[in-house]
Amino acid sequence: MTETTQRRQQDGATASQGQKGAPETRGSTTIADPVVAKIAGMAAREVPEVHHLGGGMTRAIGAVRQRVPGGAAGGGVTQGVKVEVGERQAAVDLNVVVEYGAAIADTAADIRSNVINAVERMTGLEVVEVNIAVADVHLPDEPDDEGEESGGGQEGGRVV
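## Comments concerning the pairing of strand β4 (residues 126-138)
Now for step 1: Summarising the sheet, strand β3 (residues 89-99) and β4 pair through 11 bridges and their orientation is parallel. Residue pairing for β4: Leu94 is matched across the bridge by Ile132.
Now for step 2: Regarding topology, helix α5 (residues 104-123) serves as the crossover connection from β3 to the parallel β4, and that connection is right-handed.

## Points about the environment of Leu94
Now for step 1: The topology assignment puts Leu94 in strand β3.
Now for step 2: A relative accessible area of 3% places Leu94 in the buried class.
Now for step 3: Distance from Leu94 to Val130, taken between C-alpha atoms, is 7.4 Å for residues 36 residues apart in sequence.
Now for step 4: Setting aside anything within four residues of it in sequence, one finds Leu94 in contact with Ala44, Gly80, Val81, Ile111, Val115, Val130, Asn131, Ile132 and Ala133.

## Let's talk about the environment of Val127
Now for step 1: Among the secondary structure elements, Val127 is positioned in strand β4.
Now for step 2: Val127 sits in the buried class, given a relative accessible area of 8%.
Now for step 3: Once the C-alpha coordinates of Val127 and Asn117 are considered, the two residues, 10 residues apart in sequence, prove to be 8.8 Å apart.
Now for step 4: With sequence-adjacent residues up to four places away left out, Val127 is seen in contact with Ala90, Ile116, Val119 and Glu120.

## Structural notes on the nonpolar core
Now for step 1: In this structure, Val81, Val92, Leu94, Ile111 and Val115 are the most contacted members of the largest nonpolar core, which totals 25 residues.
Now for step 2: For this core, the elements supplying multiple residues, two or more each, are α2 (33-45), β1 (50-53), β2 (81-85), β3, α5 and β4.
Now for step 3: For this core, the element with the highest residue contribution is α2, accounting for 6 residues.
Now for step 4: When neighbours within four sequence positions are excluded, Ile111 is seen to be in contact with Ala44, Val47, Val50, Leu94, Val96 and Ile132.

## Overview of the confidence of the model for the chain
Now for step 1: Per-residue pLDDT for the chain averages 78, and the proportion of residues at 70 or more is 66%.
Now for step 2: At the level of individual helices and strands, the chain shows its lowest average pLDDT in helix α6 (residues 146-150), which scores 41, and its highest in α5, which scores 98.
Now for step 3: Scored below 50 in pLDDT, residues 146-160 shows 29 contacts in the model against residues more than four places distant or in partner chains.

## Let's talk about the packing of α2 against α5
Now for step 1: Closest axis-to-axis distance for the α2/α5 pair is 8 Å, and the angle between their directions is 140 degrees. Between α2 and α5, the crossing angle belongs to the class labelled oblique. The handedness of the crossing between α2 and α5 comes out as right-handed. Seen from α2, the contacting residues are Val36, Ile39, Ala40, Ala43 and Ala44; seen from α5, they are Ile111, Asn114, Val115, Ala118, Val119, Met122 and Thr123.
Now for step 2: Residues that form the contact of α2 with α5 fall into these classes: 10 nonpolar, 2 polar and no charged.

## Focus on the pattern of salt bridges
Now for step 1: Applying the stated criterion to the full structure yields 1 salt bridge.
Now for step 2: When the shortest N-O distance is used, the salt bridge between Glu84 and Lys82 registers 4.0 Å.

## Thoughts on α2
Now for step 1: Here α2 spans 18 Å end to end across 13 residues, near enough to the 18 Å set by a 1.5 Å rise per residue.
Now for step 2: Of the residues making up α2, those classed as buried are Val36, Ala37, Ile39, Ala40, Gly41, Ala43, Ala44 and Arg45.

## Remarks on α5
Now for step 1: With 20 residues, α5 extends 28 Å from end C-alpha to end C-alpha; this agrees with the ideal 28 Å at 1.5 Å per step.
Now for step 2: Among the residues of α5, Thr107, Ala108, Ile111, Val115, Ala118, Val119 and Thr123 are the ones counted as buried. Angular distribution of buried residues about the axis of α5 spans 110 degrees; they occupy a single face of the element. Opposite its buried face, α5 presents the exposed residues Ala105, Asp106 and Arg121, each directed more than 90 degrees away.
Now for step 3: Looking at the buried side of α5, the elements it contacts are α2, β1, β3 and β4.
Now for step 4: Phi turns positive one or two residues past the end of α5, at Gly124, with a value near 80 degrees.

Basis of the calculations
- Residues numbered from 1 in each chain as written.
- Predicted model: local features only at pLDDT ≥ 70, side-chain atom pairs only at ≥ 80, totals over all residues.
- Heavy atoms only, no water.
- Pairing = 2+ DSSP bridges.
- Helix = DSSP H or I, 4+ residues; strand = E, 2+ residues; numbered from the N terminus.
- Right-handed = clockwise from strand over helix to strand, strands pointing away.
- Buried < 20%, exposed > 50% of the residue type's maximum accessible area, 1.4 Å probe, protein only.
- Contact = heavy atoms within 4.5 Å.
- Core = buried A, V, L, I, M, F, W, Y, C linked by side-chain atoms within 4.5 Å.
- pLDDT = per-residue confidence, 0-100.
- Axes fitted to C-alpha atoms, helices over the stretch in contact; angles between N-to-C directions.
- Parallel < 35°, antiparallel > 145°, perpendicular 65-115°, else oblique.
- Left-handed = near helix turned anticlockwise from the far one by under 90°.
- Nonpolar A, V, L, I, M, F, W, Y, C, P; charged D, E, K, R; others polar.
- Salt bridge = Lys/Arg side-chain N within 4 Å of Asp/Glu carboxyl O.
- Expected span 1.5 Å × (residues − 1).
- Arc of directions from axis to C-beta.

Shown next, in the form of structure tokens:
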């Protein structure tokens, strides 16, 4: 074991004496707001009680944008999601519609936890807050909006 320890110390000394520093010191990484918004949107949709993201007007505008060629580039995933990204931190605002019968406080806690874990794991940014606005409750006998059926990788407005 002594040899191993000595080798590690020698290797460490050689690496620190060289001209090159650690990889994380050789440049910078910038993560754009839409990247964090997509991650947050996908993470929020993974919670089973979330019917979809975005309020009524947002969904209507999103449905129109999806019909325009090139108009929905990533728009379905980020619908109802707003983010602010700094150098080391991010804040997320979500507008959600939950299923009828779901405990809203528990659902919000699940969404918050899932979004924080996904964003921090994938980006390395610290998520300082996740604000959740519950815009509506989806009733079982309520028909889905026409725009929901065709958008965002959802079937009938739910992630499968």
